[in-house]
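Residue strings, one per chain:
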Amino acid sequence: MNREKVVFSFFMILALTLNFGFYAGEVDNPNHHNVYELFAVIVVNLIATVLKFGDRSQMGAMLLATSLVALVQLFSASLVWAYVVNIQGSTMTPDTMSTIISLSGGAMIANFISVILLIIETSMMRH
Amino acid sequence: MSLVTSLIMRQMRIPIIILIIGYAISVLGMVIAPGIDDQGNPWRMSFFDAFYFVSFTATTIGFGEIPYTFSNAQRTWALITVYITVVAWFYSLGKIISLVQDPLFREALKESQFKQQLARIPDTFILICGFGETGHALAKALTEQNIHTVIIDENKDIIQTLPLEDFSLVIPGYKGDARDPEQLIQAGLQDKKCAAVIAVTASDETNLKIAVTSKLLHPDICVVCRSELEEFESNMFSFGTDFVINPFETFANIFSMAMHSPSLHLLYDWLTGVPNTDLTNPIYVKKGHWIICGFGRFGFDLYKQLLKSNVQVTIIDPSIKKRDAFLTLPENKGNDFIIGTGFDERTLTVAGISDAVGLISGTDNDSNNLSIIMTARELNPDLFIVARHNKKSNEKLFAATHANLVMQPNEIIARKIRTLLVSPLMIAFLNKARNQAPSWANITISRIMGALGESLPCIWTLHVNDKEARALCQVLRLGRVIRVENILQNPRQKENQIAAVPLILKRNQKLLLMPTNDIAIKSGDQILFCGTPSALRSMLWSQNDLHSLNYIMTYEDTPDSFIWRKIHQFLKRKERRHRPRQKRHLMK
């Protein structure tokens, strides 16, 4: 058992499940999407990314790339949120909500690919 | 990803994760904690506000309670935030600092620095194994000729002080054992830019190992080896080492050159010496009775040379075994072998010091050599003295003895390798010069002295090809004839010639000694010149710059820009229009 891989798998899958939880629901309905969940996705995804720092294997580099993609998507989603609510000072509209949700949907695909890569890597291990 | 970044990233994983978790807990807490806004309504921070607050608190900037004055619940959490995040930051910073001090990390950093320096070398480099006195002298000479070098040496101190030394090019240094093929590869042996390997460590065995490794791993490389023992020498040649340099044999050859033709020896000394040092004086080796103290490798090689010129030789050495071996050989008849050390008056007197013309003090111990020289000088002040100088630290002592010839192994090897690598044509020149009449060397010396003056010349080779003589080739392709005298013209003042003398011309494997001024240069020629540094710079201008070349060919300063060219053409046409009229007038 490789503890490093187990810890990473935990954070990666947690990122995917949280991401799904945030994404599920009507696209333009702010009541279906919880801001705490977005916060949790970002934190867990950050940790998963940092866990792949300094990994010189090909698979490690791929996983770093996909989780960086997810992070970029999630950061832009949270920036949109912060801009509309805190800088413009308006309330959350269905328009903005759908933008945020589609961005987080992109992040979910990236996280999904990470998990698939993880499964491939695990199944390739001989022992 | 390079090893260094990978190491940093790997080490930074835990500190960064701790920071992320610390921030996450703090932000979440600030969002949850109930507060009151300025109108007294219940209010909670947004994630934006919370992240803002935590960011300036964690970095100890502390703007205060923003946007509204905190409630007690918020203040409680702010306290916790301070302790979590500030401690997390200190931990991370400590981790970074300890990483920088980690010896493993430092080694990785140095290795990557070396690789970067290696990658930055533009053309080719020469790998010098062993940075002792020879290696140092070589590196200095090669970098002065703009040839890049790379050093590998076992000694950590030497590699560390390398950047502090005053070389004209950056010399990448690699700390490693040159006997280990893996480390030689790390030092750049298999690099495409590696043109030659020079093995000049103190041990013949190490040099042999380096030569084998280099020839096996990079077969088309030039390998130059230092060797003092004959069995290693033949071994090195057996697998194709390009040059094996034995300091004793080399010195014996120089000695014999000085004996047969002082002017040829002087020519050799000038042309292979360090440029811009003072000109040396000729040495006159007398023929007559010679005494050799110490019959080791050095004494034996010199003895062979003395034997060739039919002079009487007396040998002094403490080894009885050597005497017995000496006396059995028939060619040694007529020469004495005395058992003794040579630094006592009695032995020297028995050897006939009073009527000897020369003395060779050739033991491998510097104190003995010095003592022999001092004693012998007292007994016979007119002696011609050849001293073997083993340790560099005794340099001042040997200079004080005023010995006529001093053999310094490191200096001799460095000189020979420098000649081999910097100007390979010089070897051909010296070989040809050896077959000329003695008067030839005298004429050449006076020519060089007339052109150059007081200090030793620079040596350079003019390669007539598109890479090194662009303008020259361009003009030759147009069918113009360029002679040696043209290229010796100064591109700044047409009346003057540059202070340079052509030594040898190589064309299609044929060699021409001292090419005369009227010889036309052809594409593909190689010409060896000696001259002053300013002459070298002038020649670089005329061989690469079309304008300068045009000037030395026509003595005309033609303009380069479009408008001036048109004006120039116009003026010329006008001139031409005038000239025929004048002629016609004259004819009438």
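Rules used throughout
Residues numbered from 1 in each chain as written. Chains lettered and ligands numbered in written order. Predicted model: local features only at pLDDT ≥ 70, side-chain atom pairs only at ≥ 80, totals over all residues. Helix = DSSP H or I, 4+ residues; strand = E, 2+ residues; numbered from the N terminus. Contact = placed C-beta atoms within 7 Å. Pairing = 2+ DSSP bridges. Right-handed = clockwise from strand over helix to strand, strands pointing away. Axes fitted to C-alpha atoms, helices over the stretch in contact; angles between N-to-C directions. Nonpolar A, V, L, I, M, F, W, Y, C, P; charged D, E, K, R; others polar. Buried ≥ 20, exposed ≤ 12 C-beta atoms within 10 Å, placed from the backbone. Core = buried A, V, L, I, M, F, W, Y, C linked by C-beta atoms within 7 Å. Parallel < 35°, antiparallel > 145°, perpendicular 65-115°, else oblique.

### Some remarks on the overall build of chain B
Part 1: A tally of regular secondary structure across chain B gives 24 helices and 18 strands.
Part 2: Considering only residue pairs separated by 6 or more positions, chain B has 65% of its internal contacts joining residues 24 or more positions apart.

### Some details on the environment of Gly 334 of chain B
Part 1: Structurally, Gly 334 of chain B can be placed in the loop between helix H13 (320-328) and strand S11 (336-339).
Part 2: Each C-alpha atom, one on Gly 334 of chain B and one on Thr 314 of chain B, is 9.2 Å from the other, the two residues being 20 residues apart in sequence.

### Focus on the pairing of S11 of chain B
All names here are of chain B.
Part 1: Relative to S11, strand S10 (residues 313-317) is paired through four bridges, and the arrangement is parallel. Of the residues in S11, the one forming a bridge with Thr 314 is Asp 336.
Part 2: Crossover connection from S10 via H13 to parallel S11: handedness right-handed.

### Let's talk about the sheet that holds S10 of chain B
Residue and element names in this part refer to chain B.
Part 1: Taken together, the six strands give an open sheet; going across it, the order is S11-S10-S9-S12-S13-S14, and neighbouring strands pair in parallel fashion. Unpaired on one side and paired on the other, S11 and strand S14 (405-407) mark the two borders of the sheet. Adjacent strand axes in the sheet meet at a mean angle of 15° when their direction is disregarded.
Part 2: As paired strands, strand S12 (residues 358-361) and strand S13 (residues 384-388) are joined by four bridges and run parallel to one another. Each bridged residue has a counterpart across the sheet, and for Leu 359 the counterpart in S13 is Ile 385.

### Quick word on the sheet that holds strand S3 (residues 125-129) of chain B
All names here are of chain B.
Part 1: Ordered by their spatial adjacency, six strands build an open sheet running S5-S4-S3-S6-S7-S8, and the pairing between neighbours is parallel. The open sheet is flanked by strand S5 (173-175) and strand S8 (243-245), the only strands paired with a single partner. Sheet twist, expressed as the average angle between the axes of neighbouring strands with direction ignored, equals 15°.
Part 2: Across five bridges, S3 lies against strand S4 (residues 148-153) in parallel orientation. Considered in S4, the bridge of Ile 128 is made with Ile 151.
Part 3: Relative to the sheet, helix H8 (residues 204-217) contacts S3, strand S6 (194-199) and strand S7 (222-226), its axis offset from that of S7 by approximately 175°.
Part 4: The strands touched by helix H17 (residues 409-422) are S3, S6, S7 and S8; relative to S8, the strand with the most contacts, the crossing angle is about 160°.

### Structural notes on the interface of chain A and chain B
Part 1: Facing the 13 residues of chain A at the interface are 15 residues of chain B.
Part 2: Looking at the side of chain A that touches chain B, the elements that each hand over two or more residues are helix H2 (35-51) and helix H3 (58-87) of chain A.
Part 3: Partitioning the side of chain A that touches chain B into residue classes produces ten nonpolar, two polar and one charged.

### A word on the pairing of S12 of chain B
Residue and element names in this part refer to chain B.
Part 1: Here S12 shows no split at all, with Gly 358 and Ile 360 on one side and Leu 359 and Ser 361 on the other all buried.
Part 2: Here four bridges tie strand S9 (residues 290-293) to S12, and the two strands are oriented parallel to one another. The partner of Ile 291 across the bridge, within S12, is Leu 359.

### Some thoughts on the nonpolar core
Part 1: In this structure, Ile 291, Ile 292 and Leu 528 of chain B are the most contacted members of the largest nonpolar core, which totals 79 residues.
Part 2: The element contributing the most residues to this core is helix H10 (residues 247-260) of chain B, with eight residues.
Part 3: If near-sequence neighbours (up to four positions away) are discounted, Ile 292 of chain B is found in contact with Gly 299, Leu 302, Tyr 303, Val 313, Ile 315, Ile 316, Ile 360 and Gly 362 of chain B.
Part 4: In terms of nonpolar packing, the next biggest core, distinct from the first, is built from 45 residues, Tyr 23, Ile 42 and Leu 46 of chain A together with Ala 50 of chain B among them.

### With respect to the environment of Ala 499 of chain B
All names here are of chain B.
Part 1: Secondary-structure assignment places Ala 499 in the loop between helix H21 (484-487) and strand S16 (500-507).
Part 2: Between the C-alpha atoms of Ala 499 and Thr 532, which are 33 residues apart in sequence, the distance is 6.0 Å.
Part 3: The residues touching Ala 499, leaving out its near neighbours within four places in the chain, are Ala 451, Leu 452, Gly 531, Thr 532 and Ala 535.

### Overview of the packing of helix H11 (residues 262-272) of chain B against helix H18 (residues 424-434) of chain B
Residue and element names in this part refer to chain B.
Part 1: Where H11 meets H18, the closest approach of the two axes is 11 Å, and the angle between their N-to-C directions is 175°. When the axis of H11 is compared with that of H18, the two are roughly antiparallel. Here Leu 264, Leu 267, Tyr 268, Leu 271 and Thr 272 of H11 lie close against H18, whose contacting residues are Met 426, Leu 430, Ala 433 and Arg 434.
Part 2: Here the residues of the contact of H11 with H18 are counted per class, giving seven nonpolar, one polar and one charged.

Taken by themselves, the reported measurements are silent on function.
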